[in-house]
Protein chains: 2
Amino acid sequence: MSKELLTWMEPALSLAMPALGVLAIGLAAATAAQAADPLPSWSDTAAKKAIVEFVTRVTAEGSPDFVPAAERIAVFDNDGTLWSERPLPFQAVFALDRIKALAPQHPEWKEQEPFASLLKGDLKAALAGGERAVLQVLMAGHAGMTTDEFTKIVEDWISTARHPKTGRLYTEMVYQPMLELLAYFRSNGFKTFIVSGGGIEFMRPWAERVYGIPPEQVIGSSIKTKYEIRDGKPILVRLPETNFIDDQAGKPVGINMHIGRRPIAAFGNSDGDHQMLQWTAAGGGARFMGLIHHTDAEREWAYDKIAIGSLDKALVEAKARGWTVVSMKDDWKRVFPFDTK
Amino acid sequence: MSKELLTWMEPALSLAMPALGVLAIGLAAATAAQAADPLPSWSDTAAKKAIVEFVTRVTAEGSPDFVPAAERIAVFDNDGTLWSERPLPFQAVFALDRIKALAPQHPEWKEQEPFASLLKGDLKAALAGGERAVLQVLMAGHAGMTTDEFTKIVEDWISTARHPKTGRLYTEMVYQPMLELLAYFRSNGFKTFIVSGGGIEFMRPWAERVYGIPPEQVIGSSIKTKYEIRDGKPILVRLPETNFIDDQAGKPVGINMHIGRRPIAAFGNSDGDHQMLQWTAAGGGARFMGLIHHTDAEREWAYDKIAIGSLDKALVEAKARGWTVVSMKDDWKRVFPFDTK
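Notes on the structure follow. Predicted model only: the values in this text are computed from it and were never measured.

### A short note on unusual backbone geometry
Cis geometry is found at the peptide bond from Glu113(A) to Pro114(A), where omega equals 5°. Residue position: Pro114(A) is located in the loop between helix H4 (90-102) and helix H5 (115-119). Note the cis peptide between Arg86(B) and Pro87(B), where omega equals 0°. Considering the arrangement of structural elements, one finds Pro87(B) in the loop between strand S1 (73-76) and helix H4 (90-102). Non-glycine residue Gln248(B) carries a positive phi angle of around 55°. Note on placement: Gln248(B) falls in the loop between strand S4 (233-244) and helix H11 (250-258). Note on Gln248(B): relative accessible area 16%, which makes it buried.

Right, here's the structure in full:
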């Protein structure tokens, strides 16, 4: 657990938060997908061909690879797979914004680490306390309220906070090709699930609106909750105690706990998704394993093999086993919905 | 946790396992439901009227109580709500059968409690060790294998083990009116979920076939699992460690964890379901809370207010708040699918 938790906020140590340089990108919303092509933002490369061929094989009745609709389960990592994760994972920005919002109620934080350093903007000093510091930051902003109150906090933040580079809402920083892919799978009878290291209750308030994925198909990390009757009203209180870390070897565990059957398709973008891809690949019959490779420094970011939170082992196994590696630069015509091309 | 675990096997202490008196009930399978009436096994009493009126209100577009399909979540307890639970909860029988099956590999059990007493058929002496004894019995039979192996064990048992009173497969000891109710909800756009104190991986292998409820809509108690690569193959190993007890105050927690939104309809039959009914009732808009009351000593069993695992507080609240209490004797024309009337 310690490693995963540290992993979650580690990019902060190596990447300085850029100034709020909002790019004035025009609102030239791209036209809707062509009716004939369910994946218009995908280039006509091997990745797209492999996806379409897989879906055709598992849905064609009489095909030796036919899979009944009830078993067409596709799972998707979120950070870096469905939306961006730079310069910080977006939930880390949320956690830091929570500390700033709560600071007036906590005058003691001015003297108390990691909060004192955080409030001065010194992320590196704040996180010098390691896992304990990360937990303190997370729990201070994510626990202590009811589930309904937390949902409201997330909804407020997600509808107002803006990305430091693009000035867009974070829910606009989603990948247009992946939105098309989710819809394409669903129109072929698949159930689509998110399987993310991010917080399950951080994603659920907006995943249905943004991705078309209902709350019951969102799997993520969680803290414990406790049922209580307060003033005659039943509530669930969020406790400052880790319940489950849905990352790395936790992903197959989370999939088994929430879905109870093995996916036939899985998409990730880092070593945090490696075990989920392995678990999916190990089932019988036709399988699709996709690894999103961040290769586009111009339209998004280009990165892998950074110290922590890297794409390294999964990429090696993907190449060895013939999993589909999706290069954002080469395989996607467009990255974000707001891109003009 | 201790109380819930003890609760789970407690009926064994007060109810002796009857001899295997298989009743020779004819296989006169009842005719299919009348097309005009989706609930043909329900008597035309207030309970049925209340159910139909609720479904009509939440599905009629333009109705002030209209609920979008995505939010039509109905949750059902399993033991005593969808299938019988007498003379022992069926998973307790499974657990005892597991001990018998494993005994040849464990000669030491002949001298070791609680196994020695269990193998002599003395349930009461076996459970004198309290929670620790119950846990030992559960973990001995439910842990130590992979998830795939456990699924196979459950499938083998559920397709061969027979109820001591009726001689039927346990999956035949389900309530015909509730099967109709599940189908009726689904045909009106509801998603139906099981929320049971029973084991999540004990129910999933057969819930889809028997109830039409897919694994991802089954919520229950669980032990921890661990991802491993064994002989080059990814597996999930079931560990002898409790993960979650989905009973009493655990039910709203389980609902929030797996579904992430509040049900608008809930059915239970005991105080173990009380908090789930409260949680469902506390949401806004139209709600349906149903309590199955075991009042039919002739066709099923008549019981409540027994020492542990009782229907007591939930029944008091149901009457005070106008929740629907379903009397099996008065409100159901037929109980089991194999009943001739």
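### Section: the packing of H11(B) against helix H12 (residues 274-281) of chain B
Residue and element names in this part refer to chain B. Close contact between H11 and H12 brings their axes to 7 Å; oriented N to C, the two are set at 55°. Judged on the interaxial angle alone, H12 and H11 are oblique. Taking contact as the criterion, the partners of Lys 251, Pro 252 and Ile 255 in H11 are, on H12, Gln 275, Met 276 and Trp 279. By residue class, the composition of the contact of H11 with H12 is four nonpolar, one polar and one charged.

### Focus: the sheet that holds strand S1 (residues 73-76) of chain A
Sheets are built from strands paired through backbone hydrogen bonds, the pairs being either parallel or antiparallel. Residue and element names in this part refer to chain A. If you walk across this open sheet you meet the seven strands as S4-S3-S2-S1-S5-S6-S7, and the pairing is mixed. The two strands at the open ends of the sheet, each matched to only one other strand, are strand S4 (233-244) and strand S7 (324-327). Each strand axis lies, on average, 30° off the axis of its neighbour in the sheet, ignoring direction. Examined bridge by bridge, S1 and strand S2 (residues 191-199) share four bridges and lie parallel to one another. Looking across to S2, one finds that Phe 76 is bridged to Ile 194. The strands touched by helix H10 (residues 200-211) are S2, strand S3 (218-230) and S4; relative to S3, the strand with the most contacts, the crossing angle is about 115°.

### Here we look at the packing of helix H8 (residues 147-158) of chain A against H10(A)
All names here are of chain A. Between H8 and H10, whose axes approach to 9 Å, the crossing angle comes to 60°. In terms of their interaxial angle, H8 and H10 are classed as oblique. Taken as a pair, H8 and H10 cross one another with a handedness that is right-handed. Of H10, the residues touching H8 (which contributes Thr 147, Phe 150, Thr 151, Val 154, Glu 155, Trp 157 and Ile 158) are Glu 201, Phe 202, Pro 205, Trp 206 and Arg 209.

### So, the relation of the copies chain A and chain B
Least-squares fitting of chain A to chain B yields an RMSD of 0.0 Å, with the transformation described by 0.0 Å of translation along the axis and a rotation of 180°. Viewed as a symmetry operation, the transformation between the two copies matches a two-fold axis. Closest approach to the rotation axis among the C-alpha atoms of chain A is made by His258(A), whose C-alpha sits 3.2 Å away. A share of 100% of the interface residues of chain A reappears at the interface of chain B, consistent with the copies meeting face to face through the same patch.

### Here we look at the sheet that holds strand S7 (residues 324-327) of chain B
Residue and element names in this part refer to chain B. Taken together, the seven strands give an open sheet; going across it, the order is S4-S3-S2-S1-S5-S6-S7, and neighbouring strands pair in mixed fashion. The open sheet is flanked by S4 and S7, the only strands paired with a single partner. Strand-to-strand twist of the sheet, defined as the mean angle between neighbouring strand axes without regard to direction, takes the value 30°. The pairing of strand S6 (residues 288-293) with S7 spans four bridges and is parallel. Note on S7: the bridge partner recorded for Gly 290 is Thr 324. On the sheet, helix H10 (residues 200-211) packs against strand S2 (191-199), strand S3 (218-230) and S4 and is oriented at approximately 115° with respect to S3.

### Examining the interface of chain A and chain B
With 37 residues of chain A at the contact, the number on the chain B side is 37 residues. Here chain A and chain B share an interface that buries about 3,000 Å² over both sides, 51% of which is from carbon and sulfur atoms. Counting the surface chain A buries against chain B, the share from its top three residues, Glu216(A), Tyr227(A) and Met257(A), is 22%. In this assembly, chain A and chain B are joined by eight salt bridges. With a shortest N-O distance of 2.7 Å, Glu216(A) and Lys191(B) are connected by a salt bridge. Our count for the contact surface shared by chain A and chain B stands at 20 residue pairs in polar contact (both at pLDDT 80 or more). Looking at the side of chain A that touches chain B, the elements with two or more residues in it are H8, S2, H10, S3, S4, helix H11 (250-258) and helix H12 (274-281) of chain A. Its residues assigned to classes, the side of chain A that touches chain B comprises 18 nonpolar, ten polar and nine charged.

Quick notes on the rules
Residues numbered from 1 in each chain as written. Chains lettered and ligands numbered in written order. Predicted model: local features only at pLDDT ≥ 70, side-chain atom pairs only at ≥ 80, totals over all residues. Heavy atoms only, no water. Helix = DSSP H or I, 4+ residues; strand = E, 2+ residues; numbered from the N terminus. Buried < 20%, exposed > 50% of the residue type's maximum accessible area, 1.4 Å probe, protein only. Axes fitted to C-alpha atoms, helices over the stretch in contact; angles between N-to-C directions. Parallel < 35°, antiparallel > 145°, perpendicular 65-115°, else oblique. Contact = heavy atoms within 4.5 Å. Nonpolar A, V, L, I, M, F, W, Y, C, P; charged D, E, K, R; others polar. Pairing = 2+ DSSP bridges. Left-handed = near helix turned anticlockwise from the far one by under 90°. Least-squares fit on C-alpha atoms with pLDDT ≥ 70 in both. Buried area = accessible area lost by both parts, 1.4 Å probe. Salt bridge = Lys/Arg side-chain N within 4 Å of Asp/Glu carboxyl O. Polar contact = N/O pair within 3.5 Å; in protein donor to acceptor, adjacent residues only side chain to side chain.

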